[in-house]
Every structure is written in structure tokens, then in C-alpha cells.
Amino acid sequence: MQSESTKDITDYYKHLSLFWTDIVHLMSSKPQALASIGPMRAFAANSKKISTELIEINEDLMEFNKHLTEYYKQLADTWTEAQKKVNLKAPEIPQDVEHMEAVKRIWIDIFDNDFTELFDSGKFGDNYGKLVSKELELTKHWNNITNVILQSVNLPSKEEIDEVYKEIHSLKKRVAKLELELKKKEMKNNAK
């Protein structure tokens, strides 16, 4: 958990950055107040949306990093414990070729069991779920920022391009179907 003073500092900078983005937003809404033109004018008008997304990204990134650290800690702890178990069994086995295979089988069995236990545990599943959730939230924020930027320069968004691709795919299927029907009609007419 964050300490209270760290949270206060984070909130302070969050409010400060929102204040300045509000100022820029107000200035960009007045043509005479901001000397930008074209896409930069649109970008300045949308800067508040981008700043808000960036602030939310930072908050989600802190959570993501916390869960990512826990994920690697769980993996490292499991590896360490499994290796200790292997080391306890390995000295009992002589060091010739046949017995090296035995050590290898012991190593595989212990690691397989320990990592299976880890992956089946509720703690691992809970943390991994939160990790993936935060990753999806970060992707959502980046997509929102990208859409604002694309909108600022009068380019289509990813969703609009996807719709065009779907329509093209649908049209290709319809044309192929019509061509097939036309060939069938031609073959019927030739057969008469």
C-alpha cells in the first residue's frame, strides 16, 4: 500500500497537471488566445483528454508494476525452493552417466510438481488475473490517446478502419458468390 504522504503528493501533482491542462484547454478554445493552426489547434483542444489519459495510465502502470513484481517474485521463490529440494536429493546420487539421468528426472519431477502447485494456487491466479486486467486497461488508455491524436489530424480511428475492412471482406464474399452464380448460369446456357 502507498503511504499517506505519497498518496497526498500523487494527488497534488495529479490536480496540478489537471489545472494546467484546463488552462491550455481554455486558451485553445479561444482562436486569438493560441496561435496554433490546423492539426496543432485540434491537438491543443484535445490535450485535456490526452493529459487525463496519461494520468490514468500512470496510476494503472503503478498497479501493473506491483502485480508484475509479485508475479516474478512468485516464480523466483518457487524456483529457489524447487532447486533446494533438488540439491538435497542430488548429493546422494553418484556422478556417472546413468545417475546423471536420474538427477535430471528428479529435477524435472520436483520442478514440475512445485510449479504446478504454484500455477494452481489461488494467490497466483488472483495476482495473474489482476496483472492481465491492468495490462488491458493500459491498452485501452493507449487506444484512447491514439484515437484522440488521429482525430486531431483528421485521420480515421482504428474502429473506423476495422469497419471498412469488414465491409470490404463482405463485398468480396458477395462478388465471389455472384461470380459463381454467373458461371453456373453460363454453364447451363452452354449446355442447352
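Report on the accompanying structure. Just so you know, these numbers come straight off a predicted model, no measurement behind them.

1. Focus: the side chain of Gln74
Following the sequence through the fold, Gln74 ends up in helix H3 (residues 47-89). Classification of Gln74 by relative accessible area gives buried; the value is 8%. With residues near it in sequence (within four places) discarded, Gln74 still touches Leu118, Lys123, Phe124 and Asn127.

2. Things to note about helix H6 (residues 158-191)
The end-to-end C-alpha separation of H6 is 49 Å, in line with the 50 Å expected for 34 residues at 1.5 Å each. Burial of H6 is sparse: only 0 of the 34 residues sit out of reach of the surface.

3. Considering a positive patch on the surface
Residues Lys184, Lys185, Lys188 and Lys192 make up a contiguous surface patch of positive charge. On the secondary structure map, Lys185 appears in helix H6.

4. A closer look at the pattern of salt bridges
Counting across every chain of the model gives 10 salt bridges. Residue Asp126 pairs with Lys130 through a salt bridge whose shortest N-O separation is 3.4 Å. On the criterion of helical spacing, the pair formed by Asp126 and Lys130 is a turn pair, its members being 4 residues apart in helix H5 (residues 122-152). When the shortest N-O distance is used, the salt bridge between Asp162 and Lys158 registers 3.0 Å. A residue pair is termed a helical-turn pair when its members lie 3 or 4 positions apart in one helix, as Asp162 and Lys158 do in helix H6 at 4 residues. By relative accessible area, Asp162 is classed as partly exposed at 29%. The structure contains a network of salt bridges with shared partners spanning Asp60, Lys134 and Glu137.

5. What to know about the packing of aromatic side chains
Throughout the structure, instances matching the rule amount to 11 aromatic pairs. Both rings, one in Tyr71 and one in Phe124, keep their centres 5.8 Å apart while their planes meet at 35 degrees; by these two values the pair is tilted. With Tyr71 in helix H3 and Phe124 in helix H5, this residue pair connects regions lying 53 residues apart in the sequence. With relative accessibility at 18%, the residue Tyr71 sits in the buried group. Here Phe124 falls in the buried class, since its relative accessible area comes to 8%. Here a set of aromatic residues connected by ring pairs shows up, and it is made of Tyr71, Tyr72, Trp79, Trp107, Phe111, Phe115, Phe119, Phe124 and Tyr128.

Scoring rules and cut-offs
- Residues numbered from 1 in each chain as written.
- Predicted model: local features only at pLDDT ≥ 70, side-chain atom pairs only at ≥ 80, totals over all residues.
- Heavy atoms only, no water.
- Helix = DSSP H or I, 4+ residues; strand = E, 2+ residues; numbered from the N terminus.
- Buried < 20%, exposed > 50% of the residue type's maximum accessible area, 1.4 Å probe, protein only.
- Contact = heavy atoms within 4.5 Å.
- Expected span 1.5 Å × (residues − 1).
- Patch = residues over 30% accessible without salt bridge, like charges linked within 9 Å, V, L, I, M, F, W, Y side chains within 5 Å.
- Areas by Shrake-Rupley, 256 points an atom, 1.4 Å probe, with all protein chains shown as cover.
- Salt bridge = Lys/Arg side-chain N within 4 Å of Asp/Glu carboxyl O.
- Lys, Arg positive; Asp, Glu negative; His and termini not counted.
- Charge placed at Lys NZ, Arg CZ, Asp CG, Glu CD.
- Phe/Tyr/Trp six-rings, centres within 6.5 Å; stacked < 30°, edge-to-face > 60°.

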